[in-house]
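Listed below are the residues making up each chain.
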Amino acid sequence: MPELELFISNTCPYCQKVYRFIDKYNLNDKIKFTNINQSAEDKARLVEVGGMNQVPCLFIDDKPMYESSDIIAYLKENIVK
Ligand SMILES: N[C@@H](CCC(=O)N[C@@H](CS)C(=O)NCC(=O)O)C(=O)O
């Protein structure tokens with residue numbers, strides 16, 4: 001099982017789209033949620049590792065994946081049982 005960390009922000013509709021999928025398939029406890037509005041350090045880590053200040057971004061074993069549709073497709077293929 002890879003380590004999954006999802007970077008989100010408070011008002012982002014694309015984050016909400018990903019979250020709805022996560023909630024629907026009960027994946028909450030498989031993913032660490034990191035809200036970049038709550039931590040300047042986490043926001044800096046997102047930009048440093050991912051290269052963009054864009055959410056949602058899923059770190060899969062510390063490798064960044066942007067784009068809500070790609071994240072949902074990844075979760076569907078690899079994490080949903
Ligand atoms: N096509 C992207 C759009 C993501 C997006 O536009 N995110 C906004 C927040 S709702 C953002 O992070 N904007 C800041 C930026 O792109 O620098 C997706 O589907 O994930």
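Only a predicted model underlies this, so the values are computations on that prediction, with no experimental measurement involved.

Visitor: Got a sec to walk through the overall build of the protein chain? Specific residues and values, please.
Guide: Of the regular secondary structure elements, the protein chain holds three helices and four strands. Written out in order from the N terminus, the α and β elements of the protein chain read β-α-β-α-β-β-α. Relative to the 2.2 N^0.38 estimate, which gives 12 Å for 81 residues, the radius of gyration of the protein chain is 12 Å and therefore close to what a compact globule would have. Dimensions of the protein chain along its principal axes, counting C-alpha atoms only, are 35 × 25 × 20 Å. Among the 81 residues that make up the protein chain, the fraction classed as buried is 38%. For the protein chain, the exposed surface amounts to about 5100 Å²; the carbon and sulfur share of it is 46%. Averaging the coordinates of the 10 positive side-chain charges in the protein chain and doing the same for the 12 negative ones gives two points 7 Å apart.

Visitor: For the sheet that holds strand β3 (residues 57-60), give the residues involved together with the corresponding values.
Guide: Strand order in the open sheet made by the four strands is β2-β1-β3-β4, with mixed pairing throughout. Sheet topology places β2 (32-35) and β4 (63-66) at the edges, where each strand pairs with a single neighbour. Taking each pair of neighbouring strands and ignoring which way they run, the sheet shows an average axis angle of 25°. Both strand β1 (residues 4-8) and β3 contribute to a ladder of four bridges, which runs antiparallel. Residue pairing across strands places Glu5 opposite Phe59, the latter belonging to β3. Along the sheet, helix α2 (residues 40-50) makes contact with β1, β2, β3 and β4, crossing β3 at roughly 70°.

Visitor: Which residues make up the nonpolar core, and what are the values?
Guide: Counting 24 residues, the largest nonpolar core has Leu4, Leu6, Leu46, Leu58 and Leu75 as the members making the most contacts within it. When contributions to this core are tallied by element, the ones reaching two or more residues are β1, α1 (13-24), β3 and α3 (68-78). Those residues in contact with Leu58, other than ones at most four positions away along the chain, are Leu4, Glu5, Leu6, Lys63, Pro64, Met65, Ile71, Tyr74 and Leu75.

Visitor: Please provide a residue-by-residue account of the pairing of β3, values included.
Guide: Here β3 shows no split at all, with Cys57 and Phe59 on one side and Leu58 and Ile60 on the other all buried. Of the pairings in the sheet, the one linking β3 to β4 comprises four bridges and is antiparallel in character. Within the sheet, the bridge partner assigned to Ile60 lies in β4 and is Lys63. Counting the residues in the hairpin turn of β3 and β4 gives two residues, including Asp61, whose phi is positive at 50°.

Visitor: Tell me about the site of the ligand, and name the residues and values.
Guide: Around the ligand lies a shell formed by Cys12, Pro13, Tyr14, Asn53, Gln54, Val55, Pro56, Glu67 and Ser68. Between the ligand and Val55, the relevant distance is 2.8 Å, taken from a nitrogen atom to a main-chain nitrogen or oxygen of the residue. Glu67 places a side-chain nitrogen or oxygen 2.7 Å from a nitrogen atom of the ligand. Each residue belonging to the shell around the ligand can be placed in one class, and the counts come to five nonpolar, three polar and one charged.

Definitions and limits used
- Residues numbered from 1 in each chain as written.
- Predicted model: local features only at pLDDT ≥ 70, side-chain atom pairs only at ≥ 80, totals over all residues.
- Heavy atoms only, no water.
- Helix = DSSP H or I, 4+ residues; strand = E, 2+ residues; numbered from the N terminus.
- Rg over C-alpha atoms; globule rule 2.2 N^0.38 Å.
- Buried < 20%, exposed > 50% of the residue type's maximum accessible area, 1.4 Å probe, protein only.
- Areas by Shrake-Rupley, 256 points an atom, 1.4 Å probe, with all protein chains shown as cover.
- Lys, Arg positive; Asp, Glu negative; His and termini not counted.
- Charge placed at Lys NZ, Arg CZ, Asp CG, Glu CD.
- Pairing = 2+ DSSP bridges.
- Axes fitted to C-alpha atoms, helices over the stretch in contact; angles between N-to-C directions.
- Contact = heavy atoms within 4.5 Å.
- Core = buried A, V, L, I, M, F, W, Y, C linked by side-chain atoms within 4.5 Å.
- Near = heavy atom within 4 Å.
- Polar contact = N/O pair within 3.5 Å; in protein donor to acceptor, adjacent residues only side chain to side chain.
- Nonpolar A, V, L, I, M, F, W, Y, C, P; charged D, E, K, R; others polar.

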